[in-house]
Every structure is written in structure tokens, then in C-alpha cells.
Amino acid sequence: MAEQIIFVIAAAAALMSGALVVTLENAFRATVALIVTLVSVAVIFLLLAAPFVAAIQIIVYAGAIVVLFLFVIAYMGDRPAPGLEDRLAPYQAFTWIFVIALIGQAGIMLANSNLVGLYDEPAATDDIGSPEAIGRAFIDDYIVPFEATSAILLVAAIAAVLLAKRGVNFEGGR
Amino acid sequence: MSGVPLFWYLMLSFGLFGLGLVGVMRRRNPLLMLLAVELMLNSANIALVGFARQWNNTDGQIFALVVMAVAAAEVVIGLGLVVAVFRQRLALNVDEMSSLKG
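For every chain, the first residue of the written sequence is number 1, and numbering continues from 1 onward in sequence order. Chain letters start at A and ligand numbers start at 1, both assigned in the order the entries are written. For a predicted model such as this one, the threshold for reporting local features is a pLDDT of at least 70, and the threshold for listing and counting side-chain atom pairs is 80 or more; totals across whole chains, interfaces and linings nevertheless cover every residue.

**Some details on the overall build of chain B**
Secondary structure elements are defined from DSSP: runs of H or I of at least 4 residues count as helices, runs of E of at least 2 residues count as strands, and each element is numbered from the N terminus. Within chain B, the secondary structure is distributed over 3 helices and 0 strands. Counting helices and strands in the order they occur from the N terminus, chain B gives α-α-α. For chain B, whose C-alpha radius of gyration is 17 Å, the value lies well above the compact-globule estimate of 13 Å for 102 residues. Along the first, second and third principal axes, the C-alpha set of chain B runs to 60 × 25 × 20 Å. Partly exposed residues are those falling between the two cut-offs: more than 12 but fewer than 20 other C-beta atoms within 10 Å of their own, whereas 20 or more means buried and 12 or fewer means exposed, with C-beta atoms placed from the backbone. Looking at the 102 residues of chain B, the share that counts as buried comes to 51%. Two residues qualify as a contact pair if the distance between their C-beta atoms, derived from the backbone, is within 7 Å. Sequence-distant contacts, at least 24 apart, represent 43% of the contacts inside chain B between residues at least 6 apart. C-alpha atoms define the radius of gyration, and 2.2 Å times the number of residues to the power 0.38 defines the globule rule.

In C-alpha cells, the structure reads:
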């Protein structure tokens, strides 16, 4: 029973703050709403027997990525786009209609699928979420993706340094 | 009945993905589009970790961790591009930034 109550609270918080992320006009406020979503998702991970993923969610997402967003927003200041009229603004309601229809389709398809144990009481799990289990899985089975991830992060760091250099000119070349 | 079946975790995942999709389609500021993309990546992580519990297997959590690393890399490059565009005094509007030049 406790798990269901915590799930309902965390899911409602995630969905409501997610709606704020995509509707708030102020970029700073939208980013702060994203923090609430990320922490709620971390609670969901805890319910799903994944304490290590939950910790990484807090550290990497709420700790690093959101702070990066906030730094960039603070650096750019609150500058509205100058005189740009959105031609598509009258049709924005169609976005919601389309997405709600899409999610409804996905839900109906899932409800009608014969996925094993979809509605069953979740079985007790072994030790699948501890740092030890995840470390063993990385070293034993997923060593190549692990190394590829480090290469991706290195490439991203180099790209960020190049992009942040002064003198990069989009319109006229260097 | 004390646990939550997988169905509800997947429905939560669908809902968050839909919100992210709405954000990507509505927003014209690349910074706010990146925020919506983060929502979509998180919803995928919920589904991966949910299936990992369902089948008592660590692999889904490994995938979720790799997705997080890729998301971090994506945000670094995306924000680098946003800052570079901002330095050119160009409007931060994805409809305006439509020319590609090598």
C-alpha cells in the first residue's frame, strides 16, 4: 500500500511539473520545474529497485545538467526574441490534440498487448540495482559500451571547448 | 496487492514522453526545446528501469545509465551551440536558424 501511495504522489508530481516545463514562458522557471520532475523520477527509480540509478539521476541530472542550463540562462539574460511573430501560434491546440491521441493509442495498444505479467503483482527482485551489481554488469557484459561512453564524453568535451572559443562565426566563416 | 504493476510505470513513461513531445513542438527557443528533450529521455529511462525490475535483470539499468551519459553529452553540445548563436547576436529561434554552412 505504501508503495502505491508513493507512486501516485511521485507520478503526479512528475506529470504536473513536466507540464509546467513545457508551458511556462520564463526559461528560468521552466528549468526549476524540470528539477522537480527529475527528483520525482528519481523517486520512481527507487520504487523500481534501482537505488544506484536514482543516485546518478540526482547527481548528474539535477546536480550537473540543470546547473549547466541555469548558468547558460543566467549568462544570456532574459532577452525576448526581437519582433518574431510565430505564424503557427493559432494552431498550437493541435499539438495537444495530436499528442494526447498518440498517447491514447499507445495506452490502448499496451493494454491490449499480451505482455507477460503486465498487470501482475511485481515479483521480488534479486540484487539488481546495487552499485556492485551494476559494476559487475558493466565489467562483465557491457565493457565495450562503457568505453564507448567515455569516448562520447571526450568528444562532447572537445566540441564544447571548440564551440565556446571566441571567433566562431556562423554566417561568414572563420 | 501492495506493489504497482508495470502497466502504470509504462503509462507514466508515455505521459512524460508526450509532455516532452509537446514541448519540442511548441517551443521555438532551442534552450527550452533541450529541456523538453530531457523530459523525453527521462521517460525512456523509466520504461527501461521498469522492465529491468519486471524481468529481474540489471541490463535495463545499464541502458538507463548509458542514456544519462549520452544526455549529458547532448546537453553540453546543445548549450554550446546556443551560446555560440547568442554571441552572434542572432535571434534564438529555431525557425530563423535554418541555414547550414560548412
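**Focus: the overall build of chain A**
Of the regular secondary structure elements, chain A holds 6 helices and 0 strands. In sequence order, chain A lays out its α and β elements as α-α-α-α-α-α. Sequence-distant contacts in chain A: of pairs separated by 6 or more residues, those separated by 24 or more amount to 51%.

**Focus on the packing of helix α1 (residues 2-23) of chain A against helix α2 (residues 30-54) of chain B**
The axes are straight lines fitted to the C-alpha atoms, using for helices just the contacting stretch, and the angles between their N-to-C directions are given from 0 to 180°. Where α1(A) meets α2(B), the axes come as close as 9 Å, and the angle between the chain directions of the two elements is 155°. It follows that α1(A) is roughly antiparallel to α2(B) by the angle criterion. In this structure, the crossing between α1(A) and α2(B) has a hand that is left-handed. Between α1(A) and α2(B), the residues in contact are Gly18(A), Val21(A) and Val22(A) and Leu35(B), Ala36(B) and Leu39(B), respectively. Among the residues making up the contact of α1(A) with α2(B), the classes are represented as 5 nonpolar, 1 polar and no charged. Roughly parallel refers to an angle under 35 degrees, roughly antiparallel to one over 145, roughly perpendicular to one between 65 and 115, and oblique to any angle outside these ranges. Crossing handedness is read from the near helix: turned anticlockwise from the far helix by less than a right angle, it gives a left-handed crossing, and turned clockwise, a right-handed one. Throughout, the ten residues Ala, Val, Leu, Ile, Met, Phe, Trp, Tyr, Cys and Pro are labelled nonpolar, Asp, Glu, Lys and Arg are labelled charged, and all others, Gly among them, are labelled polar.

**Looking at the nonpolar core**
Looking at soluble globular proteins, one finds that nonpolar side chains tend to be buried together. Phe45(A), Ala50(A), Val53(A) and Val49(B) are the most contacted members of the largest nonpolar core, which totals 64 residues. Those elements that place two or more of their residues in this core are α1, α2 (27-47) and α3 (51-76) of chain A together with α1 (6-26), α2 and α3 (59-87) of chain B. For this core, the element with the highest residue contribution is α2(B), accounting for 12 residues. Excluding residues within four positions of it along the chain, Val49(B) makes contact with Phe45(A), Leu48(A), Ala50(A), Val53(A), Gly60(B), Gln61(B) and Ala64(B). Under the definition applied here, buried Ala, Val, Leu, Ile, Met, Phe, Trp, Tyr and Cys residues are grouped into a nonpolar core through C-beta atoms within 7 Å.

**Section: the domain arrangement of chain A**
Domain start and end points were adopted from an automatic or database domain assignment. Under the domain assignment, chain A is made up of domain 1 (1-78) and domain 2 (132-174). For domain 1 of chain A and domain 2 of chain A, the distance between their C-alpha centres works out to 23 Å.

**Things to note about the interface of chain B and chain A**
Taken together, the 66 residues of chain B in the interface contact 76 residues of chain A. Mapped by element, the contributors of at least two residues to the side of chain B that touches chain A are α1, α2 and α3 of chain B. Here the side of chain B that touches chain A gets 22 residues from one element, more than from any other, and that element is α3(B). Of the residues in the side of chain B that touches chain A, the class split is 45 nonpolar, 16 polar and 5 charged.

**Points about the environment of Met16(A)**
Residue and element names in this part refer to chain A. Relative to the helices and strands, Met 16 resides in helix α1. Looking at Met 16, the number of C-beta atoms within 10 Å reads 15, which means it is partly exposed. Distance in space between the C-alpha atoms of Met 16 and Ala 89 is 23 Å, their sequence separation being 73 residues.

**A closer look at the environment of Ser40(A)**
Residue and element names in this part refer to chain A. Residue placement: Ser 40 occurs in helix α2. Judged by the 23 C-beta atoms lying within 10 Å of it, Ser 40 is buried. Measuring from C-alpha to C-alpha, the distance between Ser 40 and Ile 9 comes to 8.6 Å, with 31 residues separating the pair along the chain. Residues in contact with Ser 40, not counting those within four places in the same chain, are Ala 10, Ala 13, Ala 14 and Ser 17.

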